[in-house]
Amino acid sequence: SDGAAMLVRAEGDAPSALYAHALNVQGRCLYDVILYRLHRSTAEEPHILLECDSSVLDSIQKHLKLYKIRRKVTIAPCPELSLWAVIPGEQPGDASSLPKSAGQALLLTPDPRTEVMGWRLIAKKGANLSEIIPGSQVGDVQDYHRHRYKQGIPEGVKDLPPGVALPLESNLAFMNGISFTKGCYIGQELTARTHHMGVIRKRLLPVRFPAPLPEGIPEGAEILTESGKPAGKFRAGGGELGLALLRLAHANEPLCINLGGDRVKLSATTPEWWPKAAAK
């Protein structure tokens, strides 16, 4: 997969998986991460496994080391581990609960972002997946991204450009990615103020084109309404699916992108897993 694993040793207690972000001082996303608790009890030496976009493996390590001040924390990549997404099948009944722990799996835990993303599995490289999860089919990383885009789940630096993406516009509050009770953190002021003012005019939404575009859509391409009003910007995607940051006022209208003189149509949808009040 495009994820990379990294081991961070630290004190403290945490749930088995936690979705989190590092923000900059302007309250914009820098890195999206999933943190995994590996130890069973506080008596054992605590380890935290951190999943990140593999393209920022070096920069995220530098970022974490900035905050290590005089703490006995070691930060190291884990190339011996492999990360898998276990996605429920399309047919009803396929999402039966998985075994809580399987011999070769270091960790098998529900994806902390949303139920539609299934489970996260961390295993030693070369582990036999059909033994860990009997009856499963091994897909490729494109199958995973298609599922994400269909469900409107952003992940990594293409979907959440560092220093550009805002947490609330990126739906992180719906994905258990923001705490409104946590103490001070970098970027908190803007995030809390926007949340309490209650006005979010733009959101990341899943979009679909009538057919896959051979040349793809440039990241940041402007999206217009039929009458030519600016409606938002395309973020990233694959085939006929993608994510776009759209003004909610225009999200239900027919939309288009001008590509080399051609008008390419696209439509946006509101994900079913969102809280019902959010679709307004």
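Just above, that's the structure.
Residues numbered from 1 in each chain as written. Predicted model: local features only at pLDDT ≥ 70, side-chain atom pairs only at ≥ 80, totals over all residues. Heavy atoms only, no water.

**A short note on the nonpolar core**
Just so we agree on the cut-off: Nine residue types can take part in a nonpolar core, namely buried Ala, Val, Leu, Ile, Met, Phe, Trp, Tyr and Cys, and a core is a set of them joined through side-chain atoms within 4.5 Å. Throughout, exposure labels follow a simple rule: accessible area from a 1.4 Å probe, protein chains only, divided by the maximum for the residue type, with under 20% read as buried, over 50% as exposed, and the rest as partly exposed. Note on contacts: a residue pair qualifies if any of its non-hydrogen atoms lie within 4.5 Å across the two residues.
Tyr36, Ile223, Phe234, Leu246 and Ile257 are the most contacted members of the largest nonpolar core, which has 48 residues in total. When near neighbours in sequence (up to four residues on either side) are disregarded, isoleucine 223 contacts Lys229, Pro230, Ala231, Gly232, Lys233, Phe234, Ala244, Leu246, Leu255, Cys256, Ile257 and Leu266. Grouped together as the second largest cluster of nonpolar side chains are ten residues, Tyr31, Val33, Cys52 and Val56 included.

**Topic: unusual backbone geometry**
Counted only if it meets this: Only DSSP runs of H or I covering at least 4 residues are called helices, and only runs of E covering at least 2 are called strands; the numbering of each starts at the N terminus.
Not every positive phi belongs to a glycine, and arginine 70 is a case in point at roughly 55 degrees. Assignment of secondary structure puts arginine 70 in the loop between α1 (57–66) and β5 (75–77). Arginine 70 sits in the exposed class, given a relative accessible area of 83%. The backbone of asparagine 176 shows a phi angle near 60 degrees, a positive value even though the residue is not glycine. Assignment of secondary structure puts asparagine 176 in the loop between α4 (156–159) and α5 (188–197).

**Some thoughts on the side chain of arginine 235**
Spelled out, the test is: A residue counts as positive if it is Lys or Arg and as negative if it is Asp or Glu; His and the chain ends are not included. We count a salt bridge whenever a side-chain nitrogen from Lys or Arg sits within 4 Å of a carboxyl oxygen from Asp or Glu. Here a polar contact means two N or O atoms within 3.5 Å. Within protein one must be a hydrogen donor candidate and the other an acceptor candidate, and residues neighboring in sequence count only if both atoms are side-chain atoms.
Among the secondary structure elements, arginine 235 is positioned in strand β11 (residues 230–238). No salt bridge is formed by the buried arginine 235; its nearest oppositely charged neighbour, glutamate 169, is found at 5.9 Å. A polar atom in the side chain of arginine 235 sits 3.0 Å from the backbone oxygen of aspartate 159. Setting aside residues no more than four positions away along its own chain, arginine 235 makes contact with Lys158, Asp159, Pro161, Val164, Ala165, Leu204, Glu219, Gly220, Leu243, Ala244 and Leu245.

**What about the sheet that holds strand β8 (residues 119–124)?**
Our working definition: Pairing between two strands is assigned when DSSP locates at least 2 bridges connecting them. All axes are obtained by fitting lines to C-alpha atoms, using only the stretch in contact for helices, and the reported angles, taken between N-to-C directions, cover 0 to 180 degrees.
One open sheet holds the three strands; their spatial order is β6-β8-β7, and the pairing between them is antiparallel. Where the open sheet ends on each side, the last strands, each with one partner, are β6 (81–86) and β7 (105–110). Taking each pair of neighbouring strands and ignoring which way they run, the sheet shows an average axis angle of 15 degrees. Pairing analysis gives five bridges linking β7 to β8, with the strands arranged antiparallel.

**Observations regarding the sheet that holds β11**
One closed barrel accounts for six strands, arranged β9-β12-β11-β10-β13-β14; its pairing is antiparallel. Within the sheet, the average angular offset between the axes of one strand and its neighbour, ignoring direction, is 45 degrees. Sheet topology note: the β11/strand β12 (residues 241–247) ladder contains six bridges and is antiparallel. Residue pairing across strands places glycine 232 opposite leucine 246, the latter belonging to β12. Running at roughly 30 degrees to β12, helix α3 (residues 141–151) makes contact with β9 (202–208), β11 and β12 of the sheet.

**A few points about empty space enclosed by the protein**
We count it as follows: Using a grid of 1 Å spacing that covers the protein atoms alone, one calls a set of points a cavity when a 1.4 Å probe fits there but cannot get out, and a pocket when the set is open and has protein on both sides within 12 Å along at least five of seven lines; lining residues are those with an atom within 4 Å of a point. Grid points are joined across faces, edges and corners, and a volume is the space filled by probe spheres set on the points.
Counted by the stated rule, this structure contains two cavities of 30 Å³ or more. What lines the largest cavity is simply Leu30, Tyr31, Asp32, Asp53, Val56, Gly156, Val157 and Leu160. Counting residues per element, the ones that place at least two in the lining of the largest cavity are β3 (29–37) and α4.

**Some thoughts on the environment of asparagine 171**
In this structure, asparagine 171 sits in the loop between α4 and α5. We classify asparagine 171 as buried; its relative accessible area is 1%. Sequence separation between asparagine 171 and tryptophan 274 is 103 residues; the distance between their C-alpha atoms is 8.9 Å. Residue contacts for asparagine 171: discarding those within four places in its chain leaves Arg203, Leu204 and Trp274. A distance of 2.9 Å separates the side chain of asparagine 171 from the side chain of arginine 203, its partner in a polar contact.

**So, α3**
Listed as buried for α3 are Tyr144, His145, His147, Arg148 and Tyr149. The elements touched by buried residues of α3 are β6, β8, α4, β9, β11 and β12. Regarding α3, its N-cap is aspartate 140, as a side-chain oxygen of that residue lies 3.0 Å from the backbone nitrogen of glutamine 142 further along. The positive-phi residue at the C-terminal boundary of α3 is glycine 152, with phi of around 75 degrees.

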